[in-house]
Amino acid sequence: MMNKHWKRAVLLLGSALTISTSANAATPADNSKATAVAVKTDAQIAAELGVLQGDGSGVTASYLSQSTTRLQAAILFLRLQGLESEALGFKGSANFDDAGAVNESNQAALGYLKANPQLGWTGTGAGRFEPMDSITAQQYYKVILESLGYKQDTDFAFADTIRFAEGKGLKKIAEEGNLNNGHIATATVEALGAKLKAGDKTLLDTLVGQKVVTAEAAAAAAASSVRLATNDKVGTYLTDGSGKALYTFTKDAPFQSACKDQCTVNWPVFKAESLQLPPSLKIEDFGVITREDGTKQTTYKGSPLYYFLKDTKAGDVNGQGVNNVWFAAKPEGVSPKQEDKQAAASKEYQVQMAGFAFSAKELTVEAGSKVTFTNKDKVKHNAVSDTLGDNGKPVFETKLLGEGESETITLTKPGTYTYYCAPHKAEMKATIIVK
Ligand code: CU1
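On a predicted model such as this, the values are computed, not experimentally measured, just so you know. (Residues numbered from 1 in each chain as written. Predicted model: local features only at pLDDT ≥ 70, side-chain atom pairs only at ≥ 80, totals over all residues. Heavy atoms only, no water.)

Visitor: Teacher, can you tell me more about the overall build of the chain here?
Guide: Scanning the chain from terminus to terminus reveals 13 helices and 17 strands. Expressed as a percentage of its 435 residues, the buried residues of the chain come to 45%. Once local pairs closer than 6 in sequence are excluded, the contacts in the chain between residues at least 24 apart make up 61%. Approximately 21,500 Å² of the chain is accessible, and the part contributed by carbon and sulfur atoms is 51%. (Helix = DSSP H or I, 4+ residues; strand = E, 2+ residues; numbered from the N terminus. Buried < 20%, exposed > 50% of the residue type's maximum accessible area, 1.4 Å probe, protein only. Contact = heavy atoms within 4.5 Å. Areas by Shrake-Rupley, 256 points an atom, 1.4 Å probe, with all protein chains shown as cover.)

Visitor: I keep staring at the packing of aromatic side chains and nothing clicks. Help me out?
Guide: For any pair of aromatic rings, the description consists of the separation of the ring centres together with the inter-plane angle of the planes. By the definition in use, this model includes 19 aromatic pairs. When the ring of phenylalanine 249 is compared with that of tryptophan 326, the centres are 4.2 Å apart and the planes differ by 10°; the resulting orientation is stacked. Within this pair, whereas phenylalanine 249 is found in strand S5 (residues 247-249), its partner tryptophan 326 is found in strand S10 (residues 326-328), the two being separated by 77 residues in sequence. Of the two residues, phenylalanine 249 and tryptophan 326, both sit in the buried class. Their ring planes at 0° and their centres at 3.8 Å tell us that tryptophan 267 and tryptophan 326 sit as a pair that is stacked. (Phe/Tyr/Trp six-rings, centres within 6.5 Å; stacked < 30°, edge-to-face > 60°.)

Visitor: Teacher, can you tell me more about the sheet that holds strand S14 (residues 384-385) here?
Guide: Either a parallel or an antiparallel arrangement is found when strands of a sheet pair, and the pairing is made through backbone hydrogen bonds. One open sheet holds the four strands; their spatial order is S12-S17-S16-S14, and the pairing between them is mixed. Looking along the sheet, the strands with just one partner apiece sit at the ends: strand S12 (362-365) and S14. One ladder, built from two bridges, connects S14 with strand S16 (residues 415-420); its direction is antiparallel. Looking at the pairing, valine 384 lines up with tyrosine 420 of S16. (Pairing = 2+ DSSP bridges.)

Visitor: What exactly am I supposed to notice about the pattern of salt bridges here?
Guide: Close approach of charged atoms lets side chains of opposite charge pair. All chains considered together, the criterion is met by 13 salt bridges. A salt bridge links aspartate 98 to arginine 128; its shortest N-O distance comes to 3.8 Å. Linking aspartate 98 in the loop between helix H5 (84-88) and helix H6 (104-115) with arginine 128 in the loop between H6 and helix H7 (137-147), this pair joins segments that are 30 residues apart in sequence. Relative accessible area serves as the criterion here: at 8%, aspartate 98 is assigned to the buried category. (Salt bridge = Lys/Arg side-chain N within 4 Å of Asp/Glu carboxyl O.)

Visitor: Would you explain the sheet that holds strand S11 (residues 348-353) in this entry?
Guide: Read across the sheet, three strands follow the order S11-S13-S15 without closing on themselves; strand pairing throughout is mixed. Two strands in the sheet have a free side with no partner beyond their single neighbour: S11 and strand S15 (406-411). Here the average twist between neighbouring strands, direction ignored, is 25°. The sheet contact formed by strand S13 (residues 369-375) and S15 spans six bridges and is antiparallel. Bridge pairing in S15 places threonine 374 opposite serine 406. (Axes fitted to C-alpha atoms, helices over the stretch in contact; angles between N-to-C directions.)

Visitor: It is not clear to me how the state of the cysteines should be interpreted in this structure. Could you clarify?
Guide: A covalent bond between the sulfur atoms of two cysteines is referred to as a disulfide. Tallied over the entire structure, the rule returns one disulfide. The disulfide bridge from cysteine 259 ends at cysteine 263, spanning 1.9 Å between sulfur atoms. Across the S-S bond of cysteine 259 and cysteine 263 the torsion is about -110°, and the bridge reads as left-handed. (Disulfide = S-S within 2.5 Å.)

Visitor: Help me understand the coordination of the copper ion in this model?
Guide: A metal bound by six donors in octahedral fashion has ideal angles of 90 or 180 degrees, whereas one bound by four tetrahedral donors has an ideal angle of 109.5 degrees. Protein coordination at the copper ion: the donors are His381 (ND1), Cys421 (SG) and His424 (ND1), at 1.9 to 2.2 Å from the metal. All donor residues of the copper ion come from one chain, and their arrangement in sequence is H-x39-C-x2-H. The burial state of cysteine 421 is the same as that of histidine 424; both residues are buried. (Donors = N, O, S within 2.8 Å, 3.2 Å for Na, K, Ca; no water.)

Visitor: Just checking my understanding: could you explain the pairing of strand S4 (residues 235-240) for this structure?
Guide: Every other side chain in a regular strand lies on the same face of the sheet, so the side chains alternate between the two faces. Sheet topology places strand S3 (residues 226-231) next to S4; six bridges connect them, and they run antiparallel. Considered in S4, the bridge of valine 226 is made with aspartate 240. Where S3 folds back on S4, the antiparallel hairpin that results is connected by three residues.

Visitor: Would you mind showing me how to read the nonpolar core here?
Guide: As a rule of thumb, soluble globular proteins bury nonpolar side chains together. Core analysis: the largest hydrophobic core is formed by 58 residues, its most contacted members being Leu49, Leu78, Tyr140 and Leu170. Here leucine 170 is in contact with Tyr141, Ile144, Leu145, Leu148, Ala165, Glu190, Ala191 and Ala194, once residues within four sequence places are set aside. One finds Val365, Val371, Cys421 and Ile432 within the second-largest nonpolar core, a separate group that totals 22 residues. (Core = buried A, V, L, I, M, F, W, Y, C linked by side-chain atoms within 4.5 Å.)

Visitor: Explain unusual backbone geometry here, please?
Guide: Excluding glycine, residues mostly carry a negative phi; peptide bonds, for their part, are mostly trans. A positive phi angle, close to 50°, is found at glutamate 130, a residue other than glycine. When you line up the elements, glutamate 130 lands in the loop between H6 and H7. The phi dihedral of asparagine 323 falls on the positive side, at around 55°, and the residue is not glycine. Its location among the elements puts asparagine 323 in the loop between strand S9 (303-304) and S10.

Visitor: Just to check I follow, could you spell out the environment of glutamine 210 for this structure?
Guide: Turning to its location among the elements, glutamine 210 is positioned in the loop between helix H10 (203-209) and helix H11 (215-222). The exposure class assigned to glutamine 210 is partly exposed, which follows from its relative accessible area of 40%. Linking glutamine 210 and leucine 80, residues 130 residues apart in sequence, is a C-alpha distance of 9.8 Å. Beyond its immediate stretch of four places on either side in the chain, glutamine 210 contacts Leu80, Gln81 and Gly82.

Visitor: What is the right way to look at H7 in this model?
Guide: Since there are 3.6 residues in each turn of an α-helix, residues three or four apart along the chain are aligned in direction. Across the eleven residues of H7, nine count as buried, placing the element largely inside the fold. In this fold, the buried residues of H7 make contact with helix H4 (70-80), helix H8 (161-167), helix H9 (181-192) and H10. Looking at the residues trailing H7, positive phi occurs at glycine 149, about 100°.

Visitor: Would you mind showing me how to read the environment of alanine 108 here?
Guide: Here alanine 108 shows up in helix H6. Measuring from C-alpha to C-alpha, the distance between alanine 108 and alanine 87 comes to 6.4 Å, with 21 residues separating the pair along the chain. Aside from chain neighbours lying at most four places away, what touches alanine 108 is Ala87, Leu88 and Phe90.

Below is the structure:
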């Protein structure tokens, strides 16, 4: 069976390799002052954290394509619980009947699991562990949930594992059949960012606390991803992998930082030369510049990225609007100043649907303006843009409005938008020009 995640991991690895061999080549287009950012895989992150150790030659493509055994999953579970070294040094003699199939240190780990049935690895029945059997997504999510402090039969039923995991944001490998080590990397990295059942800490925070992962490796891992977060104050904005807000400085020129000395103490630079991104962000939009002092800094659409010293945890956006020059980095890449200008210029407009016509044949509005469509006819009408957005859907499309009903749209992107009423496409057409 073709395995889509594995294929993706290899493709990503492939592109990462391509980029790293030409690390000094400037990216095309306007990124000429920055070097390219490579794509980072879950496997690389897991390997750098030491959570995934690979076989004798490390976390290789061949290792990632191998199917994962119950033994490997059990060792990973022990590692994620901070119990690995204790288990590998376990001296008890009782063990599963088939423990002889694995090497001595792994036998110790199996003995440890047998001696500690509360950990949930009680074997497959009849005294056996079946260490070489492959593991399913359901079984691995159970392992992860238990690493997060949830207990099977108390917090969730085994049959309900996949759904329960999804509720905790754990879903990336839910639909895979037999798992390979690439899936395990993905699910494990996903789990590291998940919160434990008790308290506010992530699994990664906990592993740092237990010294299973060093603080340096955890910080590097946080800088290995850019994600999106949303809050009421700033809307959608960029964060690092641990959820800490990233900012831009309006005094910076494109690909050039104006923040030096004390400024960089308050606004530590964000530095990543390879990144993992959500599907809605593009790797080409990120670059790496060399600062005046020779250190590196990551840019987004040309804007150098920073942390804020007074943000201490995921969700903090204490830097937003500081001195009116620091703003959370927005995925649209529109600088806050442009946004302000748009907001100042934007207005509200009315278009009526009456007598099978739009009241304005051609309406010119400022970017950011709202247009309210109101139907005056007894027959239902709507307004649908001919222009398709990046998602392949019309830029705007109201519902079918009954008599007296209204719907308001917001037009942010300059352009000429012809639109129509779907039920009366032949006769009801008009244009909105966004300046
Ligand atoms: Cu219509």
